[in-house]
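Summary of structural features
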Amino acid sequence: MLELLKNLASWLTSSSQWSGSEGIANRLVEHLQYSLLATVIAAAIALPIGMLIGHTGRGAFIAVNLASFGRALPTVGLVTLVFLAGGLSIWPVYISLVALAVPVIVTNTYAGMAAVDPEVKDAAKGVGLRGHQVLWQVELPLALPLIMTGIRLATVQVVATATIAAYVSFGGLGRYVFDGLAQRDLVQVLGGAVLVAVLAVAADLALGGVQRLLLRGRPANAR
């Protein structure tokens, strides 16, 4: 075990391992590209849906069922299915990652909007705010903590799952895991896994910092 850890440390810190088209730096950029684009697309789809459901109170069953769907989604199976239907391209990866992230964001956005006290919304309407003003000026700010939590969870899941890009012969940090398994190179497999884990933690910490900035100055019970 000690020898394995020593070899892993050497693999991770070797300058040659970080350079070139197959180096860690390039694989990291690829992994971030897959993860960020998929998360942005998922947020663009999920946030309006969650806000609409939470604001109107209609279609709540969609948000609840989406949560179960997200947990049961066989990501690798979906990648394979889209890959077989659409041919060799990066789109099966993006479609699968977006499908993974959307339920989490929809559910948390809906939950945040639904948790806003009805009396607060009534008071806002009482001072003359229209429906869309209540949404943007009252409901959304109060729901922001849960919405950000959903985005953080979705991002971490996407970063951890973006390794599937290597499953259909594309890049990213998953390349080390799949190539290492094929070559029976345990050090390379562990190296890829460690890099993905570190990236996921870093993404969560970064979004946590953004969340704290957005909520700065708000009372603790409003967070």
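Cut-offs and rules
Residues numbered from 1 in each chain as written. Predicted model: local features only at pLDDT ≥ 70, side-chain atom pairs only at ≥ 80, totals over all residues. Heavy atoms only, no water. Helix = DSSP H or I, 4+ residues; strand = E, 2+ residues; numbered from the N terminus. Buried < 20%, exposed > 50% of the residue type's maximum accessible area, 1.4 Å probe, protein only. Contact = heavy atoms within 4.5 Å. Core = buried A, V, L, I, M, F, W, Y, C linked by side-chain atoms within 4.5 Å. Salt bridge = Lys/Arg side-chain N within 4 Å of Asp/Glu carboxyl O. Expected span 1.5 Å × (residues − 1). Polar contact = N/O pair within 3.5 Å; in protein donor to acceptor, adjacent residues only side chain to side chain.

Moving on: the overall build of the protein. If you tally the helices and strands in the protein, you get 10 helices and zero strands. Along the protein, helices and strands appear, N-terminal first, in the series α-α-α-α-α-α-α-α-α-α. In the protein, buried positions account for 42% of the 223 residues. Summarising the internal contacts of the protein: among those between residues at least 6 apart in sequence, 75% fall at separations of at least 24.

Turning next to the nonpolar core. Ranked by internal contacts, the top residues of the largest apolar core, which has 21 residues, are Tyr-34, Ala-38, Ala-42, Val-93, Leu-97, Val-102 and Ile-105. Mapped by element, the contributors of at least two residues to this core are helix H3 (24-56), helix H6 (91-114) and helix H8 (131-161). Here the element with the most residues in this core is H6; it accounts for nine residues. Excluding its chain neighbours within four sequence positions, the residues that come into contact with Tyr-34 are Ile-90, Tyr-94, Leu-97, Ala-162, Ala-165, Phe-170, Gly-171 and Gly-172.

This next bit is on the pattern of salt bridges. In this structure the tally under the stated criterion is three salt bridges. Taking the shortest distance from any N to any O, the salt bridge between Arg-27 and Glu-30 comes out at 3.0 Å. Highlighted residues: Arg-27 and Glu-30, both in helix H3, separated by three residues, approximately one helical turn. The exposure class of Arg-27 is buried, given its relative accessible area of 10%. In this structure, Arg-175 engages Asp-179 in a salt bridge whose closest nitrogen and oxygen atoms are separated by 3.2 Å. With a gap of four residues between them, Arg-175 and Asp-179 both fall in helix H9 (residues 174-183), about one helical turn apart.

Looking now at unusual backbone geometry. Phi is positive for Arg-184, which is not a glycine, with a value near 55°. Tracing the backbone shows Arg-184 in the loop between H9 and helix H10 (186-214). The exposure class of Arg-184 is exposed, given its relative accessible area of 80%.

The topology assignment puts Gly-171 in the loop between H8 and H9. A relative accessible area of 6% means that Gly-171 is categorised as buried. Linking Gly-171 and Glu-30, residues 141 residues apart in sequence, is a C-alpha distance of 6.3 Å. Beyond its immediate sequence surroundings of up to four residues, Gly-171 is in contact with Arg-27, Glu-30, Tyr-34, Ala-165 and Ala-166.

Along its 24 residues, H6 runs 34 Å from first to last C-alpha, staying within 8% of the 34 Å computed at 1.5 Å per residue. Within H6, 19 of the 24 residues are buried, leaving the element largely enclosed by the surrounding structure.

This brings us to H10. It helps to recall that an α-helix has 3.6 residues per turn; residues three or four apart then point in one direction. The first and last C-alpha atoms of H10 sit 42 Å apart over 29 residues, in line with the 42 Å expected at 1.5 Å per residue. Its side-chain oxygen 3.3 Å from the backbone nitrogen of Val-187, Asp-185 forms the N-cap of H10.

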